[in-house]
Amino acid sequence: MDELRELYQQLILDHNQNPRNFREIENYDFHKKGYNPLCGDQLEIFINIKDDIISELSFTGMGCAISKASASIMTETLTGKSLSEANLLFKQFREMAMNGKITDGLPLKLSVLSGIYKYPSRVKCALLAWHTMHQSFDTQNIVDAKTE
Ligand code: FES
């Protein structure tokens, strides 16, 4: 168990130090700014959709190691997924982050953050990118993003 915990910590460190898809997409379809009211950290999510599939997903911004690693892992996991799959994974990840429950079908790489529910103040860090991504699917937000 200690080995597994160490592996998870290494993966979180790696994603924090070398975040995947840490960039702005120029001609995005969806865009949303997210904000953690507990610490003031912010990030932005950029999404391109092709035929209902997330073809590109990226993020920028400042945050703690947990928020950055979670955003990085999210972009890797959801690229190539349909919007309905992304919606389901959002719900599964949120359930895991808040209650530690790992549901069937949750990709293994997301479980590196399965212990975060034990630290309530960090749950918002882990969910920041996910909530921002999920809110960007709202139709009104798409309209807002295009007119910003
Ligand atoms: Fe700000 Fe984690 S402390 S997002």
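Heads up: the structure comes first, above all this text.
Residues numbered from 1 in each chain as written. Predicted model: local features only at pLDDT ≥ 70, side-chain atom pairs only at ≥ 80, totals over all residues. Heavy atoms only, no water.

**Some thoughts on a nonpolar patch on the surface**
The grouping of Leu4, Leu7 and Leu11 at the surface amounts to a nonpolar patch, some 220 Å² of accessible area in total. Along the polypeptide, Leu7 turns up in helix α1 (residues 2-17). Relative accessible area serves as the criterion here: at 42%, Leu7 is assigned to the partly exposed category. (Patch = residues over 30% accessible without salt bridge, like charges linked within 9 Å, V, L, I, M, F, W, Y side chains within 5 Å. Areas by Shrake-Rupley, 256 points an atom, 1.4 Å probe, with all protein chains shown as cover. Salt bridge = Lys/Arg side-chain N within 4 Å of Asp/Glu carboxyl O. Helix = DSSP H or I, 4+ residues; strand = E, 2+ residues; numbered from the N terminus. Buried < 20%, exposed > 50% of the residue type's maximum accessible area, 1.4 Å probe, protein only.)

**Some details on the sheet that holds strand β2 (residues 42-50)**
Hydrogen bonds between backbone groups are what pair the strands of a sheet, and the pairing can be parallel or antiparallel. With antiparallel pairing, the three strands of this open sheet are ordered in space as β1-β2-β3. Because the sheet does not close on itself, it has two edges, and the strands there are β1 (30-35) and β3 (53-62). Direction aside, the axes of adjacent strands within the sheet are offset by 15° on average. Strand direction decides the pairing type here: β2 and β3, joined by nine bridges, are antiparallel. Counted as the bridge partner of Asn48 is Glu56 from β3. Along the sheet face, helix α2 (residues 65-78) touches β2 and β3 and points at about 170° away from the line of β3. Along the sheet, helix α4 (residues 120-135) contacts β1 and β2; its crossing angle with β2, the most-contacted strand, is approximately 45°. (Pairing = 2+ DSSP bridges. Axes fitted to C-alpha atoms, helices over the stretch in contact; angles between N-to-C directions. Contact = heavy atoms within 4.5 Å.)

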